[in-house]
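Fold and contact review
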Amino acid sequence: MPRQVTPDARVTWTPAEPVDLRLVLGPLRRGPADPTFRMESGGSAWRACRTPEGAGTLRVVARDGLVEGTAWGPGADWLIRSLPALLGDGDEPAAFEPRHRIVAAAWRRRPGLRLLRTGLVLESLIPSILEQKVTTDEAYRAWRLLVRKYGEPAPGPVDRMHVMPEPRTWALIPSWEWHRAGVDHKRSSTILRAVRVARRLEEATAMEPAAARARLELVSGIGPWTSAETVQRSHGAADEVTVGDLHLPGIVGYCLTGERDTDDEAMLELLEPYAGQRHRAVRYLLLAGRTPARRTPKMPRWDIARI
């Protein structure tokens, strides 16, 4: 149970349109046991993160058309100031026009979907790097183990939540601890290169999404897949599509044409009618729940900690 701790900041905000917290904040959750994010059965969302002003914990509740935000820690004021943007206040859902029946159906069923904007790069970049070329379970496990061991307990009334490590702490993680968490040398080296230029990467939040992606991709080991996954969260980028994904082209192709052998090039062609809103269109397609049956085995799971 949460402890009773006086909050450092709070706000009540009235969004212009309904907000579905699970849909909006869901992309921040890295697995069911993510130490930085929690959704409670009553509908409240808890988020622990490292802001430019320090560690902070945010609790968000949406009810009766109002959003209540409560925050703790040195980063509390920053989290409260950023709450509307986090919940899609800068998003423009009215710019979206469904062009396919399956998209229109998902759009009608999910009126509370907004594209979040965290205003933070590393907190989305590092777990995205961990997800490169491995199963999601492996990546979630690595994130969970490393954040719990090297992060700090989240401020406020929550138990078992942690704020991710500072850039310098990531840089000092010993090689055998990466290995123990199941992270190979390629991914750990990419993270080390990223945290060495953390300040420059965080500056990308002030850039347009395409320019931000270009800056991220200057770091060796960060490619289009990772940069897209990052700016979708850090910038609320409505048009940035994830390419290079093992499953996404097949899902998009199957939903829109019934063809499950779609590649990245064909996927982008199918999404062309949604130019400017392609990422949002993909979110609705994924929410439609229509996926092709598997014809090939899942990506093999390798536990390098056993090697």
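Quick summary incoming for the structure in this document.

**Some details on the nonpolar core**
The biggest cluster of nonpolar side chains holds 31 residues, and the ones touching the most others in it are Leu 125, Trp 170, Trp 178, Ile 191 and Leu 201. Contributing elements (two or more residues each) for this core: helix 4 (122–130), helix 5 (136–150), helix 8 (185–196), helix 9 (198–202) and helix 10 (209–216). With residues up to four places along the chain from it excluded, the contact list for Trp 178 reads Leu 146, Trp 170, Ile 173, Val 183, Ser 188, Ile 191 and Leu 192. Core analysis: the second largest hydrophobic core is formed by 23 residues, Leu 28, Ala 45, Cys 49 and Trp 78 among them.

**Side note on the packing of helix 3 (residues 101–109) against helix 14 (residues 278–288)**
When two helices pack together, their arrangement is given by the angle between their axes and by how far apart the axes lie. Their axes nearest at 8 Å, the elements helix 3 and helix 14 cross at an angle of 85°. Overall, the two elements helix 3 and helix 14 adopt an arrangement that is roughly perpendicular. Note on element contacts: helix 14 touches helix 3 through Tyr 284, Leu 285, Leu 287 and Ala 288, opposite Ile 102, Val 103, Ala 106, Trp 107 and Arg 109. Its residues assigned to classes, the contact of helix 3 with helix 14 comprises 8 nonpolar, no polar and 1 charged.

**Quick notes on the pairing of strand 3 (residues 45–51)**
Among the 7 residues of strand 3, 7 are classified as buried, and the element is accordingly described as predominantly covered. Taking every second residue as pointing to the same face, both faces of strand 3 are buried, with Ala 45, Arg 47, Cys 49 and Thr 51 on one and Trp 46, Ala 48 and Arg 50 on the other. As defined by bridge partners, strand 2 (residues 37–39) adjoins strand 3 across 3 bridges and the pair is classed as antiparallel. Counted as the bridge partner of Arg 38 is Trp 46 from strand 3. Sheet topology note: the strand 3/strand 4 (residues 54–63) ladder contains 7 bridges and is antiparallel. Bridging from a neighbouring strand, Thr 51 pairs with Gly 54 of strand 4.

**Observations concerning the environment of Arg 101**
Mapped onto the fold, Arg 101 is located in helix 3. The sequence separation of Arg 101 and Gly 73 amounts to 28 residues, and the corresponding C-alpha distance is 46 Å.

**Side note on a negative patch on the surface**
A grouping of Asp 263, Glu 265, Glu 269 and Glu 272 is seen on the molecular surface, where their side chains present a negatively charged patch. Mapped onto the elements, Glu 265 comes out in helix 13 (residues 264–270).

**A short note on unusual backbone geometry**
In this structure, Asp 64 is a non-glycine residue whose phi angle is positive, near 55°. Tracing the sequence through the fold places Asp 64 in the loop between strand 4 and strand 5 (66–72).

**So, the pattern of salt bridges**
Pairing of side chains with opposite charge becomes possible as their charged atoms draw close. Tallying each qualifying case throughout the model produces 17 salt bridges. Its salt-bridge partner being Arg 215, residue Glu 203 comes within 3.1 Å of it at the nearest N-O pair. You can see Glu 203 sitting in the loop between helix 9 and helix 10 and its partner Arg 215 sitting in helix 10, a full 12 residues away along the chain. Members of the salt-bridge network, linked through shared partners, are Arg 199, Arg 200, Glu 203 and Arg 215.

**Quick notes on the environment of Ile 251**
By secondary structure assignment, the location of Ile 251 is in helix 12 (residues 248–257). Each C-alpha atom, one on Ile 251 and one on Asp 261, is 9.1 Å from the other, the two residues being 10 residues apart in sequence. Among residues more than four places away in sequence, those in contact with Ile 251 are Leu 286, Arg 290, Thr 291 and Pro 292.

**Some points on the side chain of Thr 205**
Looking at where Thr 205 falls in the secondary structure, it is placed in the loop between helix 9 and helix 10. Exposure remark for Thr 205: the relative accessible area of 18% places this residue in the buried category. Those residues in contact with Thr 205, other than ones at most four positions away along the chain, are Arg 117, Gly 119, Leu 120, Val 121 and His 235.

**Digging into helix 10**
Listing the buried residues of helix 10 in full gives Pro 209, Ala 212, Arg 213, Arg 215 and Leu 216. Along the axis of helix 10, the buried positions cluster into a sector of 160°, meaning they face one direction only. In this structure, the buried residues of helix 10 make contact with helix 4, helix 9 and helix 11 (224–234).

**Some thoughts on the packing of aromatic side chains**
Applying the stated criterion across every chain yields a total of 5 aromatic pairs. The interplanar angle of 15° and the centroid separation of 5.6 Å between the aromatic rings of Trp 46 and Trp 72 together place this pair among those described as stacked. Residue Trp 46 is located in strand 3, and its partner Trp 72 is located in strand 5; the two are separated by 26 residues in the primary sequence. Both rings, one in Trp 143 and one in Trp 170, keep their centres 6.3 Å apart while their planes meet at 15°; by these two values the pair is stacked. Of this pair, Trp 143 sits in helix 5 while Trp 170 sits in helix 6 (residues 167–171); the two residues are 27 residues apart in sequence, bridging distant segments of the chain. As far as the burial class goes, Trp 143 and Trp 170 line up, both buried. An aromatic cluster of three or more residues is present, and its members are Phe 96, Tyr 274 and Tyr 284. Positioned above the aromatic ring of Tyr 254, the side-chain terminus of Arg 290 is 4.8 Å from the ring centre.

Cut-offs applied
Residues numbered from 1 in each chain as written. Predicted model: local features only at pLDDT ≥ 70, side-chain atom pairs only at ≥ 80, totals over all residues. Heavy atoms only, no water. Core = buried A, V, L, I, M, F, W, Y, C linked by side-chain atoms within 4.5 Å. Buried < 20%, exposed > 50% of the residue type's maximum accessible area, 1.4 Å probe, protein only. Helix = DSSP H or I, 4+ residues; strand = E, 2+ residues; numbered from the N terminus. Contact = heavy atoms within 4.5 Å. Axes fitted to C-alpha atoms, helices over the stretch in contact; angles between N-to-C directions. Parallel < 35°, antiparallel > 145°, perpendicular 65-115°, else oblique. Nonpolar A, V, L, I, M, F, W, Y, C, P; charged D, E, K, R; others polar. Pairing = 2+ DSSP bridges. Patch = residues over 30% accessible without salt bridge, like charges linked within 9 Å, V, L, I, M, F, W, Y side chains within 5 Å. Areas by Shrake-Rupley, 256 points an atom, 1.4 Å probe, with all protein chains shown as cover. Salt bridge = Lys/Arg side-chain N within 4 Å of Asp/Glu carboxyl O. Lys, Arg positive; Asp, Glu negative; His and termini not counted. Charge placed at Lys NZ, Arg CZ, Asp CG, Glu CD. Arc of directions from axis to C-beta. Phe/Tyr/Trp six-rings, centres within 6.5 Å; stacked < 30°, edge-to-face > 60°. Lys NZ or Arg CZ within 6 Å of the ring centre and 35° of its normal.

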